[in-house]
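Given next are the chains, with one letter for each unit.
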Amino acid sequence: MSSIHDLTLASARDALKARKISAVELTNAHIDAIERLDGQLNSFITRTPDQAREAAKVSDEALAKGEGGSLCGIPLGIKDLFCTNGVRTTAASKILGNFVPPYESTVTANLLKDGAVFLGKLNLDEFAMGSANLTSAFGPVENPWKRKGSDVKLVPGGSSGGSAAAVAAGLVLGATGTDTGGSIRQPAAFTGIAGIKPTYGRCSRFGTIAFASSLDQAGPMARNLQDCAILLESMAGFDPRDSTSVDTPVPHYEAALKRGVKGLRVGIPKEYHVEGMPAEIEALWQQGMDWLRDAGAEIVEVSLPHTKYGLPTYYIAALAEASSNLARYDGVRFGERVSAPTLDGLYEASRAAGFGDEVKRRILIGTHVLSSGYYDAYYLRAQKVRTLIQQDFLKAFEKVDVLLTPTAPSGAFAQDEKPSDPVQMYLNDVFTVPASMAGVPALSVPAGLDARGVPLGLQLIGKFFDEETLIAAGHAIEQAAAFHYRPTIHAGVSA
Ligand SMILES: NC(=O)C[C@H](N)C(=O)O
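About the cut-offs
- Residues numbered from 1 in each chain as written.
- Predicted model: local features only at pLDDT ≥ 70, side-chain atom pairs only at ≥ 80, totals over all residues.
- Heavy atoms only, no water.
- UniProt positions renumbered as here; feature names shortened; annotations may be inferred.
- Pairing = 2+ DSSP bridges.
- Helix = DSSP H or I, 4+ residues; strand = E, 2+ residues; numbered from the N terminus.
- Axes fitted to C-alpha atoms, helices over the stretch in contact; angles between N-to-C directions.
- Core = buried A, V, L, I, M, F, W, Y, C linked by side-chain atoms within 4.5 Å.
- Buried < 20%, exposed > 50% of the residue type's maximum accessible area, 1.4 Å probe, protein only.
- Contact = heavy atoms within 4.5 Å.
- Near = heavy atom within 4 Å.
- Polar contact = N/O pair within 3.5 Å; in protein donor to acceptor, adjacent residues only side chain to side chain.
- Areas by Shrake-Rupley, 256 points an atom, 1.4 Å probe, with all protein chains shown as cover.
- Nonpolar A, V, L, I, M, F, W, Y, C, P; charged D, E, K, R; others polar.

In the nomenclature of an unreviewed UniProt entry, the protein is known as Glutamyl-tRNA(Gln) amidotransferase subunit A of Gluconobacter sphaericus NBRC 12467. Its UniProt record, at the heading Catalytic activity (unreviewed entry), says of the protein: "L-glutamyl-tRNA(Gln) + L-glutamine + ATP + H2O = L-glutaminyl-tRNA(Gln) + L-glutamate + ADP + phosphate + H(+)".

Take a look at the structure:
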């Protein structure tokens, strides 16, 4: 018999509404699973079981009266980058180690309004800077997947690595993520789950700790796209407190699952055939094209000529913004303070003690590319190239409805394979960053396992605010791929 941990978010929602299970029962099962497995996975930074049990009770009362929102009684995890009123919010940084926000982010407020039950705050790369969840001040997250016949610990991807691992292992039914250059899509691919980076402006950034404000976008991570669609509908929407949030109606995303892909034009960007890509990933990409063609789509080759500038311009623009955003952590207004005889000394000592190496590296590079004398050569130029990258997408979308690519150039790697050269780590983002720079929506769906038994994902990139077509095409891949595998570490497997 399958366990309560095999329920998808959608099936749990239906079972709750039909009163086949109670919210308290569902919540307790997840709290137990976290207690059993998270000592190993380390996907949570802060657990909130008492609040969760209380919220579940309230959900049951609403459900008994036939009331309750779309997520009533659904246990979720929240990436620890979203401010949660009265619950510690760290961004996985020492500098915010004791920060308890007095307010709620709009995204989490929307989820709460719809009745979600929060189990706690999920681990991530410090300030969302990383692709392996190795930069967290609260320790690395372990991927619940193992290579066949091996006990080596794999990374879950990053930066939303805690979200990805918790969803994959069945500790939560869904999670929030944020994606600046791939932080939802790459960890989703590494852990065999689905994740959507919506169009920039679709979800409010209010109350989400900023990394690079012109790129950061919240989105859902869950076992499949139906679950992501349900979450996204709740998370999205205009918010007057975020001037970049866009005032356009939120569709009923779940309905898009039924659309199919007949007649859909799917573009294959030829520049994504990068040198050194493993043959299995090329083969999976080809398989994805075949699946979509068999489901009635037309496959068209397209060109995104500025693709190769995606990574270098992202790692200029994002870091410039980060250096400016992170200037606020001065030891005076937030978080960790290290006393010193002078004010400058206090800033220096607090920032030196509070930030980890990767964050410091990025602040230094970001400050450099913004400094007078280098601004034009780096930052301004990167912004101009960013426009060219966006134009590539707009041109391609005159010919096609969506683009299909691999999500990442490799599957999950071992924790101790961490490259000493940070640029090697940045290369993980080669396929995810261009869509981020353009602001267009993109998603990752699990599409298969590699020869080592580790999941691989396919990415779909869409037109501005057309998440529905992405969901329809992604669902066609889900149906063809029939990805029903479970990771080695999973709540439904008894020890
Ligand atoms: N935040 C992200 O989207 C992750 C990306 N790998 C970065 O380190 O910037």
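A. Up close: the sheet that holds strand S2 (residues 75-79). Strand order across the open sheet formed by 11 strands is S1-S3-S2-S4-S6-S5-S10-S11-S9-S7-S8, with mixed pairing between neighbours. Each having just a single partner strand, strand S1 (44-47) and strand S8 (298-302) make up the two edges of the open sheet. Adjacent strand axes in the sheet meet at a mean angle of 30° when their direction is disregarded. Direction of pairing for S1 relative to strand S3 (residues 117-122): antiparallel, over a ladder of 3 bridges.

B. Layout of the nonpolar core. One finds Leu-111, Phe-127, Leu-171, Phe-393, Leu-403, Leu-404 and Ile-461 to be the most contacted residues of the largest nonpolar core, which totals 139 residues. Sequence-distant contacts of Leu-404, defined by excluding residues within four places in its chain, comprise Val-266, Gly-267, Ile-268, Pro-269, Trp-285, Gly-288, Met-289, Leu-292, Leu-458, Gln-459, Leu-460 and Ile-477. Counting 10 residues, the second-largest nonpolar core is a separate cluster that includes Ala-132, Ala-408, Ala-412 and Phe-413.

C. How the structure looks around the site of the ligand. What surrounds the ligand is a group of 13 residues, the closest being Ala-128, Gly-181, Ser-183, Tyr-314 and Asp-429. In the model, a nitrogen atom of the ligand is placed 2.8 Å from a nitrogen or oxygen of the Ser-131 side chain. Gly-182 is positioned with one of its backbone polar atoms (N or O) 3.2 Å from an oxygen atom of the ligand. Coverage of the ligand by the protein amounts to 100% of the 270 Å² it exposes when considered alone. Partitioning the shell around the ligand into residue classes produces 5 nonpolar, 6 polar and 2 charged.

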